[in-house]
Amino acid sequence: MISPSASPGRPGTYIRFDGWLLAVENAFNLIAAASILILMLLAVVQILGRNFFNLPVPGFIDITEQAMAVFAFMGVAYCQRVGGHIRMELVLGQLRGRTLWVAELVGVLLIWLVIAALIYGSWFHFERAWTNGDSSIDIGLPIWPSKLLIPVALSLLWLRLTMQIYGYWRLIRHPAAEPIAVPVITGIEEAARHEIEDAFGDENETDGKEGTGR
């Protein structure tokens, strides 16, 4: 029997699945960021075309409405992974050890249940749009792609939350273990360092160690 204070080995299957999920989340987040850039450029074309050439972009409002689902939902799993969502840490910041991990687990479990309900409801709305052939008012864009995107993005978030539930449960059982694939409360400097490492990978850190001879 493992003592509560013992630190277990690194869970290989958990880490491999986290790596796969991380790649999908990064791809979704990149698509969301690209959609914002494209929408901004399209808005510039819309303004210049309308004001100077009397040629507005056909269905600009319809396209904007469809794009909102892309940049509003495709980055939520990434945000959850890095702990970028807004939350109150006045209480959590004072907790340590197993008490902190229990509080984090309760919060993630509640979100997990809410997201599961939202997946069911959003899939129902997608099926209705698909069956009825709903389309936008101006140029008749089909609405079902944007409605399908919501349960898909929320399902990715649900998988990330499931991973974090296991991660926090592992830390509750072994408080001395290394936190893996769960957001932790950090200071400003450490948070910035993690964001840099997440953006550029671990190669920079490895190169730095090799350059110093360590």
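In what follows, the structure referred to is the one given above.
What counts and how
- Residues numbered from 1 in each chain as written.
- Predicted model: local features only at pLDDT ≥ 70, side-chain atom pairs only at ≥ 80, totals over all residues.
- Heavy atoms only, no water.
- Salt bridge = Lys/Arg side-chain N within 4 Å of Asp/Glu carboxyl O.
- Helix = DSSP H or I, 4+ residues; strand = E, 2+ residues; numbered from the N terminus.
- Buried < 20%, exposed > 50% of the residue type's maximum accessible area, 1.4 Å probe, protein only.
- Contact = heavy atoms within 4.5 Å.
- Polar contact = N/O pair within 3.5 Å; in protein donor to acceptor, adjacent residues only side chain to side chain.

Trainee: Would you explain the pattern of salt bridges in this entry?
Mentor: Between side chains of opposite charge, a pair can form as their charged atoms come close. All told, the structure shown has three salt bridges when counted by the stated rule. Between Asp18 and Arg160 there is a salt bridge, and its shortest N-O distance comes to 2.8 Å. Here the residue Asp18 occupies a position in helix α1 (residues 12-52), and Arg160 occupies one in helix α5 (residues 144-173), the gap between them amounting to 142 residues. Classification of Asp18 as buried rests on a relative accessible area of 13%. Residue Arg81 is joined to Glu25 by a salt bridge in which the shortest nitrogen-to-oxygen separation is 3.1 Å. Here Glu25 lies in helix α1 and Arg81 lies in helix α3 (residues 76-82), a separation of 56 residues in the sequence. Neither residue differs from the other here; Arg81 and Glu25 are each classed as buried. Through salt bridges with shared partners, one network takes in Asp18, Glu25, Arg81 and Arg160.

Trainee: Could you clarify how one ought to interpret unusual backbone geometry in this entry?
Mentor: As a rule of thumb, non-glycine residues mostly have phi less than zero, and peptide bonds are mostly trans rather than cis. Positive phi values are uncommon outside glycine, yet Asn54 reaches one of about 55 degrees. Looking at the secondary structure, you find Asn54 in the loop between α1 and α2 (60-73). Residue Asn54 is classed as exposed on the basis of its relative accessible area of 62%. Positive phi, close to 60 degrees, is recorded for Ala181, a residue that is not glycine. With respect to the secondary-structure elements, Ala181 resides in the loop between α5 and α6 (188-200).

Trainee: Just to check I follow, could you spell out the environment of Ala77 for this structure?
Mentor: By the element assignment, Ala77 lies in helix α3. Taking C-alpha positions, Ala77 is 6.2 Å from Glu25, a pair spaced 52 residues apart along the chain. Residues within four places of Ala77 in sequence aside, it is in contact with Glu25, Leu156, Leu157 and Arg160.

Trainee: Would you explain the side chain of Ser122 in this entry?
Mentor: With respect to the secondary-structure elements, Ser122 resides in helix α4 (residues 97-132). Ser122 sits in the buried class, given a relative accessible area of 11%. A distance of 3.1 Å separates a polar side-chain atom of Ser122 from the backbone oxygen of Ile119. Ser122 has contacts with Lys147, Ile150, Pro151 and Leu154, leaving out every residue within four places of it along the chain.

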